[in-house]
Amino acid sequence: MKKIVILTGAGISAESGLKTFRDSDGLWEGYDINEVATPDGWRRNPDLVQQFYNLRRKAVLDAQPNAAHRALAKLDQYFETVIVTQNIDNLHEQAGSKNIVHLHGIITKSQSSLDPNLVYDIKGYEIKMGEKCEKGSQLRPHVVWFGEPVPMIEVAMLHCTEADIFMIIGTSLAVYPAAGLIDFAPMDIPKFLVDPNAPSVSSVRNLITVREKASIGVPLLVDELIQQKA
Ligand code: APR
C-alpha cells in the first residue's frame, strides 16, 4: 500500500473558523508571542498563558472539521496515511483520521509544568488558574512553545523519508523544524501544496501547487489520488 505523508498548518482549519497565526488579523497580531507561547512567558505570568489557551481551547472545541479534514480522513481507506500537523486543534481526529503526529502538541491535553511526560486529558474548556497535577506541580497546556524541543520531530522525519506521495496544506512554512520536513521527502516522489497564498518552495522538485482554499483544493486532490489508485 502506498504511503502518503501530509504536513498541515493553521490554514487547513481556517475555514473551520480558527484563526491562523500570520495571516492578516492572525492570532499573533493580537498577542505577544513572548508573553503567551514561550517558557519565559509562562514563568512571568502563568495566568495570562492559561487565559490565552483557555480562550483558544474554547474556539477549538466549538469548531467543526471542514471538507479538507474530512477528505484527508478518506485517504486512510486507500493509502497508508500519516498526517503530521503543526496544529494544536483536534479537527483531524474529529474528522476520523487515524494516524496523526502532533508536532506542536494538542490543546485538549495538559501536562505537568515540571515533567512533560506527565500528560492529562482536559475535561471541558479550561485549565483552572493554579490547577495542579497529581504530583503537585502546576498544570500547563500540552503544547510546544517557541524555544522548546519538538519531541515528535524525529518520528515525523522518518515518516517523510518513507513517503510515496507528500502533501503540504495551509502552512506558511515559517517555523522550523516543521518547515524543513519537505527536505526529508524523497526527491523523485510527487508533492502537492494546497494554499491560496502558497509560500514559495522553489528548491523542491516534482511539486504541484494548488492555489485554492483547503476546503476546495483538498477534496479535489484527494478524489484525484483515489481515482488514480482505482
Ligand atoms: N486554505 C488553505 N490555506 C490557507 C487558508 C485556507 N482557507 N487560509 C490561509 N491559508 C494559509 C496561508 O496562506 C498561510 O500560508 O495558511 C497558512 C497559515 O500560515 P501560518 O498562520 O503561519 O500558520 P502555520 O504555518 O501553521 O504556523 C506554523 O507557527 O506560530 C507557530 O506554532 C504555531 O504551528 C504554528 C506554526
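Thresholds applied
- Residues numbered from 1 in each chain as written.
- Predicted model: local features only at pLDDT ≥ 70, side-chain atom pairs only at ≥ 80, totals over all residues.
- Heavy atoms only, no water.
- Phe/Tyr/Trp six-rings, centres within 6.5 Å; stacked < 30°, edge-to-face > 60°.
- Helix = DSSP H or I, 4+ residues; strand = E, 2+ residues; numbered from the N terminus.
- Buried < 20%, exposed > 50% of the residue type's maximum accessible area, 1.4 Å probe, protein only.
- Lys NZ or Arg CZ within 6 Å of the ring centre and 35° of its normal.
- UniProt positions renumbered as here; feature names shortened; annotations may be inferred.
- Domains from an automatic or database assignment.
- Buried area = accessible area lost by both parts, 1.4 Å probe.
- Salt bridge = Lys/Arg side-chain N within 4 Å of Asp/Glu carboxyl O.
- Near = heavy atom within 4 Å.
- Polar contact = N/O pair within 3.5 Å; in protein donor to acceptor, adjacent residues only side chain to side chain.
- 1 Å grid on protein atoms, 1.4 Å probe; cavity = no way out; pocket = protein on both sides within 12 Å on 5 of 7 lines; lining within 4 Å.
- Sits in = over half its atoms within 2 Å of the grid points.
- Nonpolar A, V, L, I, M, F, W, Y, C, P; charged D, E, K, R; others polar.

A. Region of interest: the packing of aromatic side chains. Considering all chains together, one arrives at 7 aromatic pairs under this definition. Both rings, one in Trp28 and one in Phe52, keep their centres 5.9 Å apart while their planes meet at 15°; by these two values the pair is stacked. A residue pair is termed long-range when its members are at least 10 positions apart, and Trp28 in helix 1 (residues 27-30) and Phe52 in helix 4 (residues 46-61) qualify at 24 residues. Take Trp28 and Phe52: they sit in the same class, and that class is buried. Plain terms: the ring middles of Tyr53 and Trp145 are 6.4 Å apart, the flat faces sit at 45° to each other, and that makes the pair tilted. Taken together, the residues Tyr53 in helix 4 and Trp145 in the loop between strand 6 (139-143) and helix 7 (153-161) connect sequence positions 92 residues apart. Taking relative accessible area as the criterion, Trp145 reaches 2% and is therefore assigned buried. In textbook terms, an aromatic cluster arises when at least three aromatic residues are bridged by ring pairs, as seen for Phe21, Trp28, Tyr31, Trp42, Phe52, Tyr53, Trp145 and Phe146. The residue whose ring lies beneath Arg140 is Trp145, and the NZ or CZ to ring-centre distance is 3.6 Å.

B. Local environment of the UniProt feature "domain: Deacetylase sirtuin-type" (unreviewed entry) in the chain. The feature "domain: Deacetylase sirtuin-type" (unreviewed entry), as annotated in UniProt, sits at residues 1-229 in this numbering. Taken as a whole, residues 1-229 contains 30% helix and 19% strand, while its terminal C-alpha atoms sit 10 Å from one another.

C. Layout of the domain arrangement of the chain. Each assigned domain of the chain is listed with its residue range as follows: domain 1 (1-17 + 64-104 + 149-230) and domain 2 (19-62 + 106-143). Computed over C-alpha atoms only, the centres of domain 1 and domain 2 are separated by 25 Å. Here domain 1 and domain 2 share an interface that buries about 1000 Å² over both sides, 64% of which is from carbon and sulfur atoms. Counting the surface domain 1 buries against domain 2, the share from its top three residues, Ala10, Ile88 and Asn90, is 45%. Counting across the interface, domain 1 meets domain 2 through 0 salt bridges.

D. Structural view of the site of the ligand. What surrounds the ligand is a group of 22 residues, the closest being Arg22, Trp28, Thr171, Ser172 and Asp195. Between the ligand and Gln86, the relevant distance is 3.1 Å, taken from an oxygen atom to a main-chain nitrogen or oxygen of the residue. Because more than half of its atoms lie within 2 Å of the grid, the ligand is assigned to the largest pocket. A class-by-class count of the residues in the shell around the ligand yields 8 nonpolar, 9 polar and 5 charged. Inspection of the shell around the ligand shows a minimum of three residues originating in each of domain 1 (1-17 + 64-104 + 149-230) and domain 2 (19-62 + 106-143).

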